[in-house]
Amino acid sequence: MKKPPTIRDVAAAAGVSVSVVSRVLNPESGPVAPAKRETVLRVIEELAYRPRAAARELSVGSTPTVGLVVADLANPFFAQLADRIVWEARSHGVQVMVMTTQEDPHLEADSLDTLLDRSVAGVIATPTGANVEKWARLQSMGVDVVFVDRTIPELGNVDVVSIANTDSARRATEYMLSLGHKRIGLISGPVTTSTGRARIQGYQGAHEAHSVTMDPQLIRDVPFRGDGGGDAVGSLLGLPDRPTGLIVANTAQVQSSVRRLIQTGVQIPEDLSVIVFDDNPWTELTTPPLSVIKQPIDMLAVHSLELVLGRMQGKLPSTPRVIEVNADFVPRSSCSPLLLTPSR
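Our subject in this report is the structure included herewith. This structure is a prediction, so every number in the text was calculated from the model and none was measured.

Cut-off values and rules
Residues numbered from 1 in each chain as written. Predicted model: local features only at pLDDT ≥ 70, side-chain atom pairs only at ≥ 80, totals over all residues. Heavy atoms only, no water. Buried < 20%, exposed > 50% of the residue type's maximum accessible area, 1.4 Å probe, protein only. Helix = DSSP H or I, 4+ residues; strand = E, 2+ residues; numbered from the N terminus. Pairing = 2+ DSSP bridges. Right-handed = clockwise from strand over helix to strand, strands pointing away. Axes fitted to C-alpha atoms, helices over the stretch in contact; angles between N-to-C directions. Parallel < 35°, antiparallel > 145°, perpendicular 65-115°, else oblique. Left-handed = near helix turned anticlockwise from the far one by under 90°. Contact = heavy atoms within 4.5 Å. Nonpolar A, V, L, I, M, F, W, Y, C, P; charged D, E, K, R; others polar. Phe/Tyr/Trp six-rings, centres within 6.5 Å; stacked < 30°, edge-to-face > 60°.

Another point: the pairing of strand β4 (residues 144–148). Counted residue by residue, β4 has five buried out of five residues, so it is predominantly covered. Taking every second residue as pointing to the same face, both faces of β4 are buried, with D144, V146 and V148 on one and V145 and F147 on the other. In this sheet, β4 lies alongside strand β3 (residues 122–125) in parallel orientation, the contact comprising four bridges. In the sheet register, G122 faces β4, and the bridge partner there is D144. Between the parallel pair β3 and β4, the chain is carried across by helix α7 (residues 132–140), and the sense of this crossover is right-handed.

And the structure:
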C-alpha cells in the first residue's frame, strides 16, 4: 500500500517550512501570508494529505474523536457494544461519533466518506465485508482502524478484536454431540461475514473431530436483519429427518428463532435441545432457561478502544494485532440427552 503523505511532503512540495504548513492547519498558532496559505492548501488537496487528527487535536487542546461504525443498533449485541465503547471512551476523555450501516454496504460507504471528511483520529467498526477499497483509503489517509467482532480477509493490516468464533461454535456443537445428538441444526450469520464463516467452520470441525457425518441441509446462513431465524427454524423442522438439536449462532436471529419454536409448539428440550449465542438476561427467564454462548461484550469494547487509542498515540508497533476473547458456554435446562427425547 502506498505510504500516506506526511507534513514534510507537503512542506517540500509547497516550498515552505514545516512550521508554515502547521500554521495553515492550525490558524490559531500564527499568521501565514495569503499567497503561501493558498499554495499550501493546493498542495494538501493534490497530495490528498490528511493530518493526523489525534496529533492535531492534542496540539490545540481539543478532545480527540473516534468514529464508531456499527452494523445495526436494533441488534441488542451491537447496541450493548456501542454503549460500552462510548462509556469507555468517555473515561479516556475521547468523543465518539456513532454511525450505523444497517448491514448495508452503501450506507457503510457513505459513513466512511463522512468520517474521512470529519478527519476523525481513529475508527472502530463492525464491517459489512464490502468496501475494501474505501477501508484501505481510510487507512492510507492516516486514520487508525480497528475491526471489532468481524474482519475483512483482504485487509490483513487492520487490528481485529473478536470472540473466538470458531472455538465457540465447536464447543456448542461438541456439547450437543456429547448428549448423543447426531442431527444438529445450525443457524449462522451470512457466509459473507467472517463471523458467519468461522462459526460454520467450528460446527463442521466438531463433527469431523467426533467422526459424525454432517448433513449440509442442517446449516442455514441467514441475514442479520429481518426474521430469517424464524424462517430457518421452520425449514429445519420441515425436514423429513428433522434435527434433535439446534444451535442459533446468529445473535440477531435468536429471538426470531425462539419465537418460532414457541409458536409451533416445540417442547424444549423434550422435542429439541437448544443452544443460542446471546448475552441477554432474558435467556435465563424463559421456560426452560436457554443454554448460551455468552459473548464477552465488555472485553470486546475495552480491547478495541485500547487498540485504537494506542495507535492514535503511536504506542503500538506497526504489526497489526489480532485479539480473540474467549466466550463462556453456560449450559442450562434447554439441552438434554437424546435418549430422554421421545422417538420420532
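Time to look at the packing of helix α1 (residues 7–14) against helix α3 (residues 34–47). Between α1 and α3, whose axes approach to 9 Å, the crossing angle comes to 125°. One element, α1, and the other, α3, form an angle in the oblique class. Crossing angle aside, the handedness with which α1 passes α3 is right-handed. Packed against α1, whose contacting residues are D9, V10, A13 and A14, the element α3 presents T39, V40, V43, I44 and L47 at the interface. Tallied by class, the residues present in the contact of α1 with α3 amount to seven nonpolar, one polar and one charged.

Attention shifts here to the packing of aromatic side chains. The full count for this structure, using the stated rule, is three aromatic pairs. Look at W135 and F147: their rings are 5.1 Å apart centre to centre, the planes differ by 85°, and that puts the pair in the edge-to-face class. Of this pair, W135 sits in helix α7 while F147 is found in strand β4, placing the two residues 12 residues apart along the sequence. Residue classification places W135 among the buried residues on the basis of a relative accessible area of 1%. Ring centres of Y175 and F329 lie 4.9 Å apart, and the angle between their planes is 65°; on these two criteria the pair is classed as edge-to-face. With a gap of 154 residues between them, Y175 in helix α8 (residues 165–178) and F329 in strand β12 (residues 328–330) connect regions that are remote in the sequence. Judged by its relative accessible area of 24%, Y175 is partly exposed.

Taken in spatial order, the six strands line up as β2-β1-β3-β4-β5-β11 in an open sheet, and their pairing is parallel. Sheet topology places β2 (95–100) and β11 (322–325) at the edges, where each strand pairs with a single neighbour. Direction aside, the axes of adjacent strands within the sheet are offset by 15° on average. Two elements, strand β1 (residues 65–70) and β3, share four bridges in a ladder whose sense is parallel. When the sheet's bridge partners are listed, V69 is paired in β3 with A125. In the packing of helix α6 (residues 105–117) onto the sheet, the strands contacted are β1, β2 and β3, and the crossing angle to β2 comes to about 155°. Against the sheet, α7 engages β3 and β4, with an angle of about 140° to β4.

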